[in-house]
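Summary of the model geometry
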Amino acid sequence: MSSETMKTFGFYKPGSKDEAMDFQLVEEEKPTAAGRDLLVEVKAISVNPTDLRTRDGKKEDDESLTVVGRDVAGVVVATGDDCSYFNVGDEVFYAGTNNRPGGQSEFHLVDERIVGRKPASLDFAQAAALPLTSITAYEALFERLGVSKDPSDNTGTSILILGAAGGVGSIAVQIAKLAGLTVIGTASRTETVEWAKDRGADHTINHHEEFGPQLENLGINGVDYIFCLNSPDEHMAEMAKVILPQGKICSILPAFKPLDLALFGKSVTFVYELMYTRSVFQTADMVHQHMMLNDLADWVDDNKIRSTMTQHFSPISVENLKEAYTNLLTGKTIGKIVLEGPFE
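This report concerns the structure included in the present document.

Definitions and cut-offs
Throughout this description, residue numbers start from 1 for each chain and increase along the sequence as written. Where local features are concerned, this predicted model is filtered to residues with pLDDT of at least 70; where side-chain atom pairs are given and counted, the filter is 80 or more; whole-chain, interface and lining totals use all residues. Computation of side-chain values covers all heavy atoms of the structure but excludes hydrogens and water. In this description a helix means any DSSP run of H or I spanning at least four residues, a strand means any run of E spanning at least two, and both kinds are numbered starting from the N terminus. The globule rule is 2.2 Å times the number of residues to the power 0.38, and the radius of gyration it is compared with is taken over C-alpha atoms. Only heavy atoms enter the contact rule, under which two residues are in contact if any of them lie within 4.5 Å. For cavity detection a 1 Å grid was placed over the protein atoms alone, and a set of points counts as a cavity when a 1.4 Å probe fits there but cannot get out; an open set counts as a pocket when protein lies on both sides within 12 Å along at least five of seven lines, with lining residues being those that have an atom within 4 Å of a point. Grid points are joined across faces, edges and corners, and a volume is the space filled by probe spheres set on the points. In this classification, Asp, Glu, Lys and Arg are treated as charged, Ala, Val, Leu, Ile, Met, Phe, Trp, Tyr, Cys and Pro as nonpolar, and every other residue, Gly included, as polar. Each axis is a line fitted through C-alpha atoms, and for a helix only the stretch in contact is used; angles between axes span 0 to 180 degrees, taken between their N-to-C directions. Oblique is the label for any angle not covered by the other classes, which are roughly parallel (under 35 degrees), roughly antiparallel (over 145) and roughly perpendicular (65 to 115). Residues belong to a common nonpolar core when they are buried Ala, Val, Leu, Ile, Met, Phe, Trp, Tyr or Cys residues joined through side-chain atoms within 4.5 Å. For every residue, the accessible area (1.4 Å probe, protein chains only) is compared with the maximum for its type, and the residue is labelled buried under 20%, exposed over 50%, or partly exposed between those bounds. Paired strands are those between which DSSP finds at least two bridges. If the strands point away from the viewer and the path from the first strand over the helix to the second runs clockwise, then the crossover is right-handed.

1. Focus: the overall build of the protein chain
On a plain count of helices and strands, the protein chain comes out with 11 helices and 15 strands. Taking 2.2 N^0.38 as the reference for a compact globule, 344 residues should give roughly 20 Å; the C-alpha atoms of the protein chain span a radius of gyration of 20 Å, in line with that estimate. Dimensions of the protein chain along its principal axes, counting C-alpha atoms only, are 65 × 40 × 35 Å. Partitioning the contacts of the protein chain with sequence separation of at least 6, the portion at a separation of at least 24 is 70%.

This is the structure we're talking about:
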């Protein structure tokens, strides 16, 4: 293959929502870095439910190649003229945006303002598990919910994390504990309960049962914050019961039904978190994601945060991509699924 081309994995048709994408190996022109873009040689990627939502939103008559995969860890091989944060040879990790091609290719263009330095203590596969979920958790906790980063400010303050063993939950539990919160995670299986507690959850409850009685059994009469990582409609009534007056709820998925009126009576704040907002809308504070990832890298290298990788595939191939997304479609994965190069 020419040095001016690269291997890319994508799909042309959306296919069945119950199956992994019909990935094809395609030879594409190697892109060129310009402006604030970095050209990154991709070493590892991870899979996320957002990739499935991109597929599900593709129209049947759209015959263009769709390339997903937001989480990337790799090495900078070229920089645009306006870049100032990175140099050729730097090891980086990031979560790309959803209005540009994903990172399932040998080389990938990304705006340096949403890129962080790879934690020195992690290999590329371990690092690729972290960006999208970590930015989501970071923004949700410290920006949307307004949690203080100073643990001394959060003494006696509690958060309920719905879906504590999933990709976002696995990192949200760790960051919330780092901030000094009392963390209650929801998990319904022995292995997910163990995983959540191993990540630092103080308590776990079952999201298939009423929240209130379970919290009361733990001596907790309500929570200050809720981070909802599952359907908010499904859990709205229970969240409304256990959120304390003037508490705050953040969801990473949209609510399609009216909010529970109990939230009004308690003056509860309900907010959304979507980590693509800054990059899609090119907000003035877009560089905050660069800063967040560097914070995360520091926490990892200081042994305060651990990678959430639980499954590892290599090489990056049609067969391994299909298996990774088939596993993701079960809805029962713990932590993150990672694929590491080479591209074959």
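Structure's up, so let's keep going.
2. With respect to the layout of surface pockets
Estimates place the volume of the largest pocket at around 1,400 Å³. Taken together, 47 residues form the lining of the largest pocket, with P49, R53, L229, N230 and L253 sitting closest to its centre. Where the lining of the largest pocket is concerned, the elements lending two or more residues are α1 (49-56), α3 (131-144), α4 (167-178), α7 (232-242), α11 (318-329) and β15 (336-340). Of all the elements, α1 adds the most residues to the lining of the largest pocket, at 5 residues. Residue classes in the lining of the largest pocket are distributed as 20 nonpolar, 20 polar and 7 charged. In this structure, the second largest pocket encloses a volume near 200 Å³. Lining the second largest pocket are 14 residues; nearest its centre among them are M6, P31, P101, H108 and L109. Looking at side-chain class alone, the lining of the second largest pocket contains 7 nonpolar, 4 polar and 3 charged residues.

3. A look at the packing of α1 against α11
Interhelical geometry of α1 versus α11 gives an angle of 95 degrees and a closest axis separation of 10 Å. By the angle between their axes, α1 is roughly perpendicular relative to α11. Between α1, through P49, D51, L52 and R55, and α11, the contact on the second element is made entirely by Y325, L328 and L329.

4. Description of the nonpolar core
Of all hydrophobic cores here, the largest spans 81 residues; its most connected members are I159, I161, F227, L296 and Y325. If you look at the next biggest cluster of nonpolar residues, it comprises 20 residues, including F211, M239, I243 and L263.

5. Regarding the pairing of strand β12 (residues 243-251)
With 5 bridges joining them, strand β11 (residues 223-228) and β12 adopt parallel strand pairing. Paired with Y225 across the strands is K248, a residue of β12. With α7 bridging β11 and the parallel β12, this β-α-β connection has right-handed handedness.

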